[in-house]
Amino acid sequence: MRVETLAVHAGHEVDAATGAVATPIHLSTTFERDAEGNYPHGYIYGRSANPNRHALEVALAALESGAEAAAFASGLAASSAVLQALSTGDHVVAPTDVYHGMTKLLREIYMRWGLEVSFVDMTKLDDVKRAIRSTTKLVWIETPSNPLLKITDIAAVAELARAAGAICACDNTWAPIVQRPLDFGCDLVMHSTTKYLGGHSDVTGGAIITKAATDFFARVREIQTTCGGVPSPFDSWLILRGMRSLPWRMRGHCENAMKIATWLADHPQVTTVHYPALESHIGTEIAARQMSAFSGMLSFEIRGGRETAMTVAAKTKLFIQATSLGGVESLIEHRASIKGEDPKTPQGLLRLSVGLEHPDDLIEDLAQALD
């Protein structure tokens with residue numbers, strides 16, 4: 001089945017008890033045993049498994065062409081489970097511009113517990129190769145990166161990881177449907193399902209999808225159920241419902257972002273637009289090889305630095321000044337003020353999560369804010 005059909009049908013079945021087409025929400029935390037003490041329906045307790053979470057995981061695996069998926073209460077809970085599945089003394093290679101929440105996980109929690117981490121510019125394959133050690137067990141990719149939309153060559157980095165006997169995982173939060181890391185050699189894909197998969201800014205979640213059933217993923221699954229960082233039945237239901245329209249929403253997000261990026265590139269107040277579809281982007285050739293479209297995320301830098309950028313963000317009327325991304329509404333954010341002391345994020349940079357409003361209305365809103 002094509003991805004649009006999978007999105008509608010994967011994880012969804014007509015309810016056998018009632019004939020309901022919409023998936024019921026199963027709020028029960030416990031499930032009945034039969035006369036022999038077994039669990040005939042496969043469910044024991046809400047933390048270990050739930051029908052709504054199971055349906056979500058089936059759909060997640062189908063959309064990424066993976067073997068299995070594990071759903072979590074947030075993207076960082078999902079990422080944390082992968083790190084917890086490693087052992088003390090294991091080495092991780094991660095991008096220098098990895099999501100700041102992942103940076104905090106690595107630096108402030110897992111490095112203190114004995115993981116060793118090297119942060120490298122993953123757009124430079126020689127730097128990745130030099131960073132890999134005999135103890136490297138995980139190479140973590142994030143592409144496009146946040147907030148500069150740097151592009152990592154997924155296939156090339158996955159090959160380096162494979163040669164070293166390490167697991168390669170890719171944070172694909174910014175590019176679901178339009179980028180398929182498992183097809184390019186990754187072992188795991190991570191999503192913050194809070195973003196595009198949920199799609200409506202009303203639910204928090206995360207997921208890990210594995211290319212194959214492995215001992216490592218079995219360990220991730222064990223951590224999911226034992227540590228208990230799982231989504232509620234209602235959260236699972238909301239994310240699964242959002243995923244049904246994901247392929248069509250991504251088309252709209254990507255088309256709108258392309259129009260806005262092209263318009264911004266010609267604006268006299270804008271010095272740089274970070275969007276991989278533009279010929280001016282250093283990673284555009286790699287992006288074209290591994291992406292079918294270029295996400296609804298972009299950032300741009302304006303003259304005047306921090307003060308001007310903050311003023312522009314405050315003047316928008318359709319773009320909402322808020323953190324997060326991937327919803328139907330458009331958001332604008334001065335990223336440096338969110339990330340704190342971070343010299344890698346320019347003070348004049350604004351990040352856009354381009355929503356599904358008419359692109360001309362969004363352009364008019366940016367025009368009046370930049371005026």
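No experiment lies behind these values; they were computed from the predicted model shown.

## Here we look at the sheet that holds strand E7 (residues 206–210)
Point 1. The strand order across the open sheet formed by seven strands is E1-E7-E6-E5-E4-E2-E3, and the pairing between neighbours is mixed. Since the sheet does not close on itself, it has two edges, and those belong to strand E1 (68–72) and strand E3 (116–120), each with one partner. Put simply, the sheet's adjacent strands are angled 20° from each other on average, direction ignored.
Point 2. Examined bridge by bridge, strand E2 (residues 91–95) and E3 share five bridges and lie parallel to one another. By the bridge assignment for E3, Pro95 is matched with Val120.
Point 3. Its contacts with the sheet put helix H2 (residues 51–63) on E1 and E7, and the angle it makes with E1 is roughly 130°.

## Looking at empty space enclosed by the protein
Point 1. Counting across every chain of the model gives two cavities of 30 Å³ or more.
Point 2. Estimated volume of the largest cavity: approximately 80 Å³.
Point 3. In this structure, the largest cavity is lined by Leu60, Leu63, Glu64, Pro176, Ile177, Gln179, Arg180, His191, Leu197, Met243 and Leu246.
Point 4. Tallied by class, the residues present in the lining of the largest cavity amount to seven nonpolar, two polar and two charged.
Point 5. The space that makes up the second largest cavity amounts to roughly 40 Å³.

## Concerning the sheet that holds strand E10 (residues 320–321)
Point 1. Judged by pairing direction, the sheet is mixed, and its five strands sit side by side in the order E8-E9-E12-E11-E10 without closing on themselves. Sheet topology places strand E8 (270–274) and E10 at the edges, where each strand pairs with a single neighbour.
Point 2. Across four bridges, E8 lies against strand E9 (residues 297–302) in antiparallel orientation. The residue of E9 that forms the bridge with Val273 is Phe300.
Point 3. Sitting on the sheet, helix H11 (residues 305–315) touches E9, E10, strand E11 (331–333) and strand E12 (349–353), and the angle it makes with E9 is about 130°.

## Here we look at the packing of aromatic side chains
Point 1. Scanning the model with the defined rule gives three aromatic pairs in all.
Point 2. Note on Phe31 and Tyr43: the rings are 5.5 Å apart at their centroids and 35° apart in plane angle, and the pair reads as tilted. Of this pair, Phe31 sits in the loop between helix H1 (3–9) and H2 while Tyr43 sits in the loop between H1 and H2, and the two are 12 residues apart along the sequence.
Point 3. Judged by relative accessible area, Tyr43 falls into the buried class, the value being 17%.
Point 4. With a centroid separation of 6.1 Å and an interplanar angle of 20°, the aromatic rings of Phe234 and Trp237 are classed as stacked. With Phe234 and Trp237 both in helix H8 (residues 233–243), this residue pair falls three residues apart, about one helical turn.
Point 5. On the basis of relative accessibility, which here comes to 40%, the residue Phe234 falls in the partly exposed class.
Point 6. The lysine or arginine in question, Arg251, covers the ring of Trp248, its NZ or CZ lying 4.1 Å from the ring centre.

## Observations concerning the side chain of His334
Point 1. Note on placement: His334 falls in the loop between E11 and helix H12 (335–339).
Point 2. Take His334: its relative accessible area is 2%, and that puts it in the buried class.
Point 3. Here Gln347 takes part through its backbone oxygen, which lies 2.6 Å from a polar atom of the side chain of His334.
Point 4. Excluding residues that lie within four positions of it along the chain, His334 makes contacts with Arg306, Ala309, Met310, Gln347, Leu349 and Leu350.

## What to know about the environment of Pro51
Point 1. As for its placement among the helices and strands, Pro51 is situated in helix H2.
Point 2. Here Pro51 falls in the buried class, since its relative accessible area comes to 16%.
Point 3. With 28 residues separating them along the chain, Pro51 and Thr23 place their C-alpha atoms 9.8 Å apart.
Point 4. Leave out the neighbours within four places in its chain, and Pro51 touches His26, Phe31 and Tyr43.

## So, the state of the cysteines
Point 1. On inspection of all chains with the given rule, the structure shows zero disulfides.
Point 2. Distance from the sulfur of Cys254, which forms no disulfide, to the nearest cysteine sulfur (Cys170) is 15 Å.
Point 3. Classification of Cys254 by relative accessible area gives buried; the value is 6%.

## Points about a nonpolar patch on the surface
Point 1. Among the surface-exposed residues, Ile25, Leu27 and Phe234 lie close enough to one another that they form a single nonpolar patch of about 290 Å² accessible area.
Point 2. By secondary structure assignment, the location of Leu27 is in the loop between H1 and H2.
Point 3. For Leu27, a relative accessible area of 62% translates into the label exposed.

Criteria and thresholds
- Numbering of residues starts from 1 in each chain and follows the order in which that chain's sequence is written.
- Only residues with pLDDT of at least 70 get local features here, since the model is predicted, and only at 80 or more are side-chain atom pairs given and counted; chain-wide, interface and lining totals rely on the full set of residues.
- As a convention, hydrogens and water are excluded, and side-chain values are obtained from all of the structure's heavy atoms.
- Being paired, for any two strands, means DSSP has found at least two bridges between them.
- The way it works is that DSSP assigns letters per residue, a run of H or I at least four long becomes a helix, a run of E at least two long becomes a strand, and they are numbered from the N terminus.
- An axis is simply a line fitted to the C-alpha atoms; with a helix, the fit covers only the stretch in contact. Between two such axes, the angle follows the N-to-C directions and lies from 0 to 180 degrees.
- Should any heavy atoms of two residues lie within 4.5 Å, those residues are counted as being in contact.
- A cavity here means a set of 1 Å grid points, computed over protein atoms only, where a 1.4 Å probe fits but cannot escape. A pocket is an open set with protein on both sides within 12 Å along at least 5 of 7 lines, and lining residues have an atom within 4 Å of a point.
- Grid points are joined across faces, edges and corners, and a volume is the space filled by probe spheres set on the points.
- Any residue that is not Ala, Val, Leu, Ile, Met, Phe, Trp, Tyr, Cys, Pro, Asp, Glu, Lys or Arg is counted as polar, Gly included; the first ten are nonpolar and the last four charged.
- Side-chain rings of Phe, Tyr and Trp, where Trp is taken by its six-membered ring, are said to pair if the distance between their centres is within 6.5 Å; with planes under 30 degrees apart they count as stacked, over 60 as edge-to-face, and otherwise as tilted.
- Relative accessible area decides the class of each residue, using a 1.4 Å probe on protein chains only: under 20% of the type maximum gives buried, over 50% gives exposed, and in between gives partly exposed.
- Geometrically, a charge over a ring is one whose NZ (Lys) or CZ (Arg) sits within 6 Å of the ring centre while staying within 35 degrees of the ring normal.
- Throughout this description, a polar contact denotes any pair of N or O atoms lying within 3.5 Å of each other; where both atoms belong to protein, one of them has to be capable of donating a hydrogen while the other can accept it, and for residues adjacent in sequence the pair is counted only when both atoms sit in side chains.
- Any cysteine sulfur atom paired with another within 2.5 Å is treated as part of a disulfide.
- Patches were defined on residues exceeding 30% relative accessible area and lacking a salt bridge, with like-charge contacts within 9 Å and nonpolar side-chain contacts (Val, Leu, Ile, Met, Phe, Trp, Tyr) within 5 Å.
- The Shrake-Rupley method, run with a 1.4 Å probe sphere, supplies the accessible areas, and residue values consider only the shown protein chains as cover.
- Salt bridge, as used here, is a side-chain nitrogen of Lys or Arg placed within 4 Å of a carboxyl oxygen of Asp or Glu.

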